[in-house]
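Overview (structure and organization)
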Amino acid sequence: MLLLLALPACSVPAWRATRVDPPSWTSKNVVLTDHALVRLSRKLGNPVLIREEIYRMNTIGFVETLWQDLRYGARLLRLSPGFAIVAILSLALGIGANTAIFQLIDAVRLRSLPVPNPQELAEVRVANGNGGMGVSNGFNAEMTNPLWEQVRERQQAFSGVFAWGSDLIGMGQGNQARRVRGLWVSGEFFSVLGVPPIRGRLFGPADDRRGCGPAGVVIGYGLWQSEFGGQDSAVGSKMMIQNHPFEVIGVTPPAFFGLEVGQTFDIALPICTVSIWGRAIERRDIWWLTVMGRLKPGWTLAQASAHLNGISPGLFDATAPTGYEGTQERYRKLRLAAFPAGTGVSRLRRTYDTPLWLLLAITGLVLLIACANLANLMLARASAREREVAVRLALGASRGRLIRQLLSESLLLAVSGAALGAGLARLLSQGIVRFLSSEANSLQLDLSTDWRVLAFTAAAAILTCVVFGLAPALRSLRIEPGAAMKAGGRGLTAGRERFSFQRLLVVSQIAVSLVLLVGAVLFVRSFRNLVTFDPGFREKGILITFFDLTRLHLPAARGVSFQRELLERVRAIPQVEAAASTSNVPLNGASWTMGVRVAGRQGEQRGASKFTWVSPGYFRTMEIPLLAGRDFNASDTDTSHKVAVVNETFVRRFSAGENPIGEVMRTAAEPNYPVALYEIVGVVKDTKYAGLREDTQAIAFAPAPQHPNPGPWAAILIRSSAPLTEVVAAVKRDVGQLNPEIVMDFRVFQAQIREGLARERLMAALSGFFGVVAALLAGIGLYGVISYLVARRRNEIGIRMALGASRYQVVALIMREAALLLVIGVAVGMILSLAGATSAGALLFGLQPYDPLTLIASGALLAAIAALASYLPARRTSRLDPMIALRYE
């Protein structure tokens, strides 16, 4: 009688491997004959397969299998270096571009301030803005100093509050004087933020008291390095700031750039020192401060806003400005609220937020097009490996195992592309920052890689691996080993349904590429419209010269006459063709608005108008045509009858388009700007005022000597056909001889206008580049698919040619298939373009999102690229020898 013993599966390979003759085995009274061993093998299965199954149950086995797959994938890529290089570079461009744009979004919008617990910071400002009341002086100017002091005394939602403002401040003296970025800060600024000094000390509440004099200054780390070489002796040394000596009391750490993202500060001064330069710290109508605070434990933004709203009536009653007509009641209705401030404030955020997100969408679509190309290539490779896959399936390999092996090749490509793209991203993001920077406005952004950027790059790599690798891997699931093994050369010629997925990918590429091309053409044409737009005055050959007369300490009466002498001195320079002074340089973003009443022939009209005080000769210097009446002359002085010249829009708005000469304009009262009556003596052509994108405004020009509140500065516009560098040198020499204490700053008018178009220039450059890349990728994808389809149909083409088909007919056969894909792709792309372009409508100038010329031009360009990509493989195929095509496998 045979004794059969059921042993554990894991022991089977061992005893099978160590079984010895004679043909019976005895251990502890258990005897197994050869017959029993055969029956036991049948019962338990193949021992080798059992051993592999047990090994796979171990996690180490999975790691080893993955390593084997990666090595096998690397060998395959090494055997196809052209494919590997194209794939890796395509992914590097797509992932790198996406990472670069996301890195900028992270630096501008997402990254927190380099202070402890930034999430506790909140900004206090008027909930819906102040409605343009008073004078706004500086970026993010949300609070007046009297209002800030009231908030500091009455608030209970914050453990600490502080205020700050920014400005360009004169540092140094004589020829070494220059403007640096400065902060005006309250005494609680550094302590509430939790910023420690790395040398000396920082301001405290005792340093910011009404009536303070030139005492201490805190310098930034960058200035400490550039001016003092990082020496400890900097603390205690003296600096000349606005012609006053200040002692350096401390240095801030290198990570602290201030609270405005994209800008650093050089010096920080207490708010109380503003009064040293004659600035009215008591003014209730000058909005120049930003107020922030750190929430008390347990307080939320909603609770803080409710508290601020509750105390707002008392705050605004106590700080209502005087001297304005009809603004008191509107001011008292304003309400304060709390807003998140953990990421600071930023001009960049306001200007580039929408463009950066739009660029991220553009680069994302480019990456998808690249992935579609690679998916097509991988599908072609998978089709060529069908027999290999069939053999593996026939030998017992699981489909899941094969999918992992096929995905390993995609993983290698994705990781390699992501690694190369990460390096490319840093170069691209730094290049964009340099592209947006200018000599007058240098951007400083922290582009270091943090966890968000790393996570984004990793996610992009995983997504690309899945997108272009999963389709060919899943196709292996549909392979029937028997059919694939029996398929021979001609039998492998596939039907049309076999390539439906590849065709779908090509159609998708064409549609998405058309969307990107339409966007690129729109942004390029919009930028061209802005560059070539006529603002109504001369741009070329104009030099803007700012003169700071603060150090001269001129009395008000002498200041007006000195500015006139200064202008005559500039006009006398040989290189100067014409020159004039102005209170507002056109297209620099600043503006001055006043309420006016015009007693015209149609009755009194009320409204608001832009105001500029200019010297005689201004319209001639800027080549602004005078349409009616007269220009200003030397008889228009501060003691003569007040006169004004208005533009065409002013005439349409206040005089119903009729001749306004002789009509009287009355201005509304403001502090230091009393009610005044101006007789309209001339009309000039419409011009832009603060920016090219704005609607044309009603503008009134008045003589510079009749300015009610002239300051110790002058802005003179100089027109010259000589090189502007020679003009700058001549002005410095002659004005320096007049008085060496005059501080001068020069800017080229045309360059300043171009700097104001940095956003449009960025969108035009990047969208144009990626649009062309997308079109080329789509063309390459179409070329690859058509080439592959033609190769798989060589038998059919050979038969057609053998039966008498001409080369033209073969080319037409292939081109018809490509044309069908193109037509479907363009039709879908047009629909998507119309939907997508509307989201970018606010960034366009002089164009509608559905501009027909743009749509036609983009479609034609893409069609030309697609036609060329299809014609090349068709032409090559039409020249084949029919006998060679018939024998092709």
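Residues numbered from 1 in each chain as written. Predicted model: local features only at pLDDT ≥ 70, side-chain atom pairs only at ≥ 80, totals over all residues. Heavy atoms only, no water.

**A look at the overall build of the chain**
To keep it simple, the criterion reads: Secondary structure elements follow DSSP: runs of H or I no shorter than four residues count as helices, runs of E no shorter than two count as strands, and numbering proceeds from the N terminus. Burial classes: relative accessible area under 20% of the type maximum marks a residue as buried, over 50% as exposed, and values in between as partly exposed (1.4 Å probe, protein chains only). Contact criterion: two residues are considered in contact whenever any of their non-hydrogen atoms come within 4.5 Å of each other. Only the protein chains shown count as covering a residue, and every accessible area follows the Shrake-Rupley method with a 1.4 Å probe.
Looking only at helices and strands, the chain features 26 helices and 25 strands. Across the 889 residues of the chain, 50% fall into the buried class. At a minimum sequence separation of 6, the contacts of the chain that also span at least 24 residues come to 82%. Total accessible area computed for the chain in this model is approximately 40700 Å², and 59% of it derives from carbon and sulfur atoms.

**Comments concerning the state of the cysteines**
Basically, it comes down to this: Criterion for a disulfide: a pair of cysteine sulfur atoms within 2.5 Å.
For the structure on display, the rule yields 1 disulfide. Across the disulfide, Cys-212 is cross-linked to Cys-272 (sulfur-sulfur distance 1.8 Å). On the sign convention where negative means left-handed, the S-S torsion of about 105° between Cys-212 and Cys-272 marks this disulfide as right-handed. With Cys-212 in the loop between β7 (199-200) and β8 (216-219) and Cys-272 in the loop between β11 (267-270) and β12 (286-287), this residue pair connects regions lying 60 residues apart in the sequence. When its relative accessible area of 3% is taken as the criterion, Cys-272 is described as buried. This cysteine, Cys-371, is not joined by any disulfide, and Cys-465 carries the nearest cysteine sulfur, 9.7 Å off. Residue classification places Cys-465 among the buried positions, given a relative accessible area of 9%.

**Side note on unusual backbone geometry**
Its identity as a non-glycine residue notwithstanding, Asn-117 has a phi of 45°, on the positive side. Its place among the elements puts Asn-117 in the loop between α5 (81-110) and β3 (121-126). Judged by relative accessible area, which is 41%, Asn-117 ranks as partly exposed. In this structure, Glu-623 takes a positive phi of about 55° despite not being glycine. With respect to the helices and strands, Glu-623 occurs in the loop between α18 (618-621) and β19 (626-629). When its relative accessible area of 42% is taken as the criterion, Glu-623 is described as partly exposed.

**With respect to the sheet that holds strand β25 (residues 743-748)**
For the record, the criterion: One bridge is not enough; two strands pair if DSSP finds at least two bridges between them. All axes are obtained by fitting lines to C-alpha atoms, using only the stretch in contact for helices, and the reported angles, taken between N-to-C directions, cover 0 to 180 degrees.
The strand order across the open sheet built from 4 strands is β16-β24-β15-β25, with neighbouring strands paired in antiparallel fashion. The strands lining the two open edges of the sheet, one partner per strand, are β16 (578-581) and β25. Across the sheet, the mean angle separating the axes of adjacent strands is 20° when strand polarity is ignored. Here 4 bridges tie β16 to strand β24 (residues 713-719), and the two strands are oriented antiparallel to one another. What sits directly across from Ala-580, in β24, is Leu-717. Lying over the sheet, helix α20 (residues 724-738) contacts β15 (542-548), β24 and β25, oriented at roughly 165° with respect to β25.

**Topic: the side chain of Ser-858**
Take Ser-858: it is sitting in helix α25 (residues 852-878). Those residues in contact with Ser-858 that sit more than four places away from it in its chain are Leu-514, Leu-517, Val-518 and Val-521.

**Focus on the packing of α5 against helix α13 (residues 399-436)**
Quick reminder of the rule: For classification purposes, an angle smaller than 35 degrees is called roughly parallel, one larger than 145 roughly antiparallel, one from 65 to 115 roughly perpendicular, and anything else oblique. In a left-handed crossing the near helix is turned counterclockwise from the far helix by less than a right angle, and in a right-handed crossing that turn is clockwise. Residue polarity is assigned by list, with Asp, Glu, Lys and Arg as charged and Ala, Val, Leu, Ile, Met, Phe, Trp, Tyr, Cys and Pro as nonpolar; anything else, Gly included, falls into the polar class.
Contact geometry for α5 and α13: axes closest at 5 Å, N-to-C directions at 45°. Here α13 runs oblique to α5, going by the angle between their axes. Crossing handedness for the pair α5 and α13: right-handed. Split into classes, the residues belonging to the contact of α5 with α13 amount to 22 nonpolar, 7 polar and 2 charged.

**Observations regarding the confidence of the model for the chain**
Under the convention used in this document: Residue-level confidence of the predictor, termed pLDDT, takes values from 0 up to 100.
Residue-level pLDDT values for the chain average 84, and 86% of them are 70 or greater. In this model residues 1-28 is a low-confidence stretch, pLDDT under 50, and it forms 32 contacts with partners more than four residues away in sequence or in other chains. Across residues 488-498 the pLDDT falls below 50, and counting only partners more than four positions away or on other chains, this stretch makes 19 contacts in the model.

**Focus: the environment of Ala-418**
Considering the arrangement of structural elements, one finds Ala-418 in helix α13. In this structure the C-alpha to C-alpha distance between Ala-418 and Ala-461, which are 43 residues apart in sequence, comes to 5.7 Å. When sequence neighbours within four positions are dropped, the list of residues in contact with Ala-418 reads Ile-95, Thr-457 and Ala-461.

**Let's talk about the pattern of salt bridges**
For clarity, the threshold we go by: One side-chain nitrogen of Lys or Arg within 4 Å of one carboxyl oxygen of Asp or Glu is enough to make a salt bridge.
Counting across every chain of the model gives 35 salt bridges. Ionic pairing is found between Asp-353 and Arg-109, a salt bridge with its closest N-O pair at 2.6 Å. Here Asp-353, found in helix α11 (residues 347-384), pairs with Arg-109, found in helix α5; they are 244 residues apart in sequence, far enough to count as distant. Look at Asp-353 and you get partly exposed, because its relative accessible area is 22%. Here Glu-227 and Arg-178 are joined by a salt bridge, their closest N and O atoms 2.7 Å apart. Linking Glu-227 in helix α8 (residues 221-228) with Arg-178 in strand β6 (residues 178-185), this pair joins segments that are 49 residues apart in sequence.

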